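What follows is each chain in one-letter form.
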Amino acid sequence: MRRLGLQTILCSSVLILAGCVSPEDDLAEGISTARAVFEQEAPEPNEAAGDTELYVPGGYEVEQPSDDHNVLITRGSQAFALSLNPNEAPDSTFFYDLQKANPEETWLTDEKFSQHGRFGFVTVRAIAEDRYELVVSSGGAKLSTITEQAALRSQMEWMMKTTRSIEAAQEE
């Protein structure tokens, strides 16, 4: 009986520890996912904001009015700012260069992606306890938000899908 109690405690401890994911683990998993999405075929657009066609996952809304260069996407009380520069080519580093213009800012993550003449990136920086600025970009589309650690991975994924869908739609 005593052995069964020790096994139960050990199993419980493993389960509890498995639920504790460090910010570094969340970032590494999110970056891996964002890279995979960047390298995949872009999703088909399912929404429009002005003249821009884009993919937006279920549960997210494109707020109106949006102009041709700035779009607000929301889910509940969380906002995502989409900046568009249609003059930028798929291999443009314009938004990345803007992100890196201030050498004083410290980024937890600064990952660049390049494939088939396209450029993209993910940057993350801590702004408060469990609050992060997340920026995802591909070509002339940049999407940014303030989020919690637990949401970093899933948000990196859909944000990269969205920026890739815009880039692909503009190429057609």
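Just so we're clear, the structure is a prediction, and the values are computed from it rather than from any experiment. (Residues numbered from 1 in each chain as written. Predicted model: local features only at pLDDT ≥ 70, side-chain atom pairs only at ≥ 80, totals over all residues. Heavy atoms only, no water.)

Caption draft 1: Here's a closer look at the nonpolar core. With 29 residues, the main nonpolar core has Ile73, Leu82, Val122, Val124, Leu134 and Met156 as its most contacted residues. In contact with Met156, not counting residues within four places along its chain, are Leu27, Gly30, Ile31, Ala34, Val122, Val124, Leu134 and Val136. (Core = buried A, V, L, I, M, F, W, Y, C linked by side-chain atoms within 4.5 Å. Buried < 20%, exposed > 50% of the residue type's maximum accessible area, 1.4 Å probe, protein only. Contact = heavy atoms within 4.5 Å.)

Caption draft 2: Molecular detail of the environment of Leu134. Within the secondary structure, Leu134 sits in strand E8 (residues 131-138). Residue Leu134 is classed as buried on the basis of its relative accessible area of 0%. Apart from residues no more than four positions distant in its own chain, Leu134 is found in contact with Val122, Thr123, Val124, Leu143, Ser144, Thr145, Thr147, Leu152, Gln155, Met156 and Met159. (Helix = DSSP H or I, 4+ residues; strand = E, 2+ residues; numbered from the N terminus.)

Caption draft 3: Summary view of the sheet that holds strand E9 (residues 141-147). Reading across from one edge, E3-E4-E5-E9-E8-E7-E6 is the order of the seven strands in this open sheet, with antiparallel pairing throughout. The outermost strands of the open sheet, each flanked by one partner alone, are strand E3 (61-62) and strand E6 (109-115). Direction of pairing for strand E4 (residues 70-75) relative to strand E5 (residues 78-84): antiparallel, over a ladder of six bridges. The partner of Ile73 across the bridge, within E5, is Phe80. (Pairing = 2+ DSSP bridges.)

Caption draft 4: Spotlight on the confidence of the model for the protein. The predicted model of the protein has a mean per-residue pLDDT of 86, with 84% of residues at 70 or higher. The lowest-confidence element of the protein is helix H1 (residues 2-19), averaging 44 in pLDDT; the highest-confidence one is E9, averaging 97. Overall, residues 1-18 carries pLDDT values under 50, and its contacts beyond four positions in sequence, including any with other chains, amount to zero contacts. (pLDDT = per-residue confidence, 0-100.)

Caption draft 5: Region of interest: unusual backbone geometry. One non-glycine residue with positive phi stands out, namely His116, at about 50°. Tracing the sequence through the fold places His116 in the loop between E6 and strand E7 (118-128). Look at Asp130: it is not a glycine, yet its phi comes out positive at around 55°. Assignment of secondary structure puts Asp130 in the loop between E7 and E8.

Caption draft 6: Structural view of the side chain of Thr74. Tracing the backbone shows Thr74 in strand E4. Side-chain polar atoms of Thr74 contact the side chain of Glu63, separated by 2.5 Å. Setting aside residues no more than four positions away along its own chain, Thr74 makes contact with Gly59, Tyr60, Glu61, Glu63 and Ala79. (Polar contact = N/O pair within 3.5 Å; in protein donor to acceptor, adjacent residues only side chain to side chain.)

Caption draft 7: Representation of the pairing of E7 within the structure. Of the pairings in the sheet, the one linking E6 to E7 comprises seven bridges and is antiparallel in character. Looking across to E7, one finds that Lys112 is bridged to Phe121. The antiparallel hairpin formed by E6 and E7 contains two residues in its connecting segment, where His116 sits at a positive phi of about 50°. Where E7 and E8 come together, eight bridges link them in antiparallel fashion. Each residue of the ladder has a partner; that of Phe121, found in E8, is Ser137. Here E7 hands over to E8 after two residues, with Asp130 in that stretch at a positive phi of 55°.

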